[in-house]
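Spelled out from the first residue to the last, the chains are:
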Amino acid sequence: MSDRIDIRGLRVFAHHGVYPEEKEKGQVFIVDVVARLDLADAGHSDALADTLDYGMLAAAIQERVQGERWDLIERVAQRVADLVLEDVRVTETEVTVRKPEAPIPVAFDEVAVTITRGR
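Each value, and the rule that gives it
Residues numbered from 1 in each chain as written. Predicted model: local features only at pLDDT ≥ 70, side-chain atom pairs only at ≥ 80, totals over all residues. Heavy atoms only, no water. Helix = DSSP H or I, 4+ residues; strand = E, 2+ residues; numbered from the N terminus. Buried < 20%, exposed > 50% of the residue type's maximum accessible area, 1.4 Å probe, protein only. Contact = heavy atoms within 4.5 Å. Areas by Shrake-Rupley, 256 points an atom, 1.4 Å probe, with all protein chains shown as cover. 1 Å grid on protein atoms, 1.4 Å probe; cavity = no way out; pocket = protein on both sides within 12 Å on 5 of 7 lines; lining within 4 Å. Points joined across faces, edges and corners; volume = space filled by probe spheres on them. Nonpolar A, V, L, I, M, F, W, Y, C, P; charged D, E, K, R; others polar. Expected span 1.5 Å × (residues − 1). Polar contact = N/O pair within 3.5 Å; in protein donor to acceptor, adjacent residues only side chain to side chain. Pairing = 2+ DSSP bridges. Axes fitted to C-alpha atoms, helices over the stretch in contact; angles between N-to-C directions. Salt bridge = Lys/Arg side-chain N within 4 Å of Asp/Glu carboxyl O.

Enquirer: Which parts of the structure should I look at to understand the overall build of the protein chain?
Expert: What the protein chain contains, in helices and strands, is four helices and four strands. Each helix and strand of the protein chain, ordered N terminal to C terminal, gives the series β-α-β-α-α-α-β-β. With respect to the three principal axes, the spread of C-alpha positions in the protein chain is 50 × 25 × 20 Å. The 119 residues of the protein chain split such that 42% are buried. Contacts in the protein chain between residues at least 24 apart in sequence constitute 61% of all its contacts with a sequence separation of at least 6. For the protein chain, the computed accessible surface area is about 6,900 Å², with 51% contributed by carbon and sulfur atoms.

Enquirer: Even after reading the chapter, I still don't get the layout of surface pockets, so can you show me in this structure?
Expert: Within this model, the largest pocket holds a volume of roughly 180 Å³. Every residue lining the largest pocket is counted, 13 residues in all, and those nearest its centre are V18, E22, K99, A102 and P103. Classifying every residue of the lining of the largest pocket gives eight nonpolar, one polar and four charged.

Enquirer: Looking at this structure, I do not really get helix α3 (residues 54-67). What am I missing?
Expert: Between the first and last C-alpha of α3 there are 19 Å, a value that for 14 residues agrees with the 20 Å anticipated at 1.5 Å per step. Here the buried face of α3 lies against β1 (4-14), β2 (27-36) and α4 (73-84). Its side-chain oxygen at 3.1 Å from the backbone nitrogen of G55, D53 defines the N-terminal cap of α3.

Enquirer: What exactly am I supposed to notice about the sheet that holds β2 here?
Expert: Strands pair in a sheet through their backbones, by hydrogen bonds, and they do so in one of two ways: parallel or antiparallel. Ordered in space as β1-β2-β3-β4, the four strands form an open sheet in which the pairing is antiparallel. Looking at the sheet topology across the chains shown, the edges are occupied by β1 and β4 (111-118). When the angles between neighbouring strand axes are averaged without regard to direction, this sheet yields 15°. As judged from the eight bridges shared by strand β3 (residues 92-99) and β4, these two strands associate in the antiparallel manner. Bridged to R98 within β4 is A112.

Enquirer: Help me understand the pattern of salt bridges, please; the structure alone is not making it clear to me.
Expert: Where charged atoms from two side chains of opposite charge come close, those side chains can pair. Scanning the entire structure with this criterion turns up 12 salt bridges. Ionic pairing is found between D6 and R8, a salt bridge with its closest N-O pair at 2.7 Å. Residue class for R8 comes out exposed when judged on its relative accessible area of 65%. With its nearest N and O atoms 2.7 Å apart, the salt bridge here joins D87 to R89. The class for R89 is partly exposed, based on a relative accessible area of 33%. Residues joined by salt bridges that share partners form a network here, namely R64, E68, R79, D82 and E86.

Structure follows, in structure tokens:
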């Protein structure tokens, strides 16, 4: 399936991390999501009901990432993928979770995990 809806750069302040200071102070996580689904019906009908409501999805992702606490960003990415796949029209999703403030002792731009899940 080549049709897709992308949400890029969703910034969420949350408390994920292995270290106690990450869990306590929190930090910004940046989430990118690709949802693959057939968009032909929406392209013909111009009806929101025939597509994935990306506004509602972005809000649900923000709520999940803020509302849960995990050690690893791999787990955060999995939980976002699970959420995207709740819509049965989505055949595959790719989720990237970026952590620009990761506590590592060298200069870097960001750490990121990308997973792909499908049915």
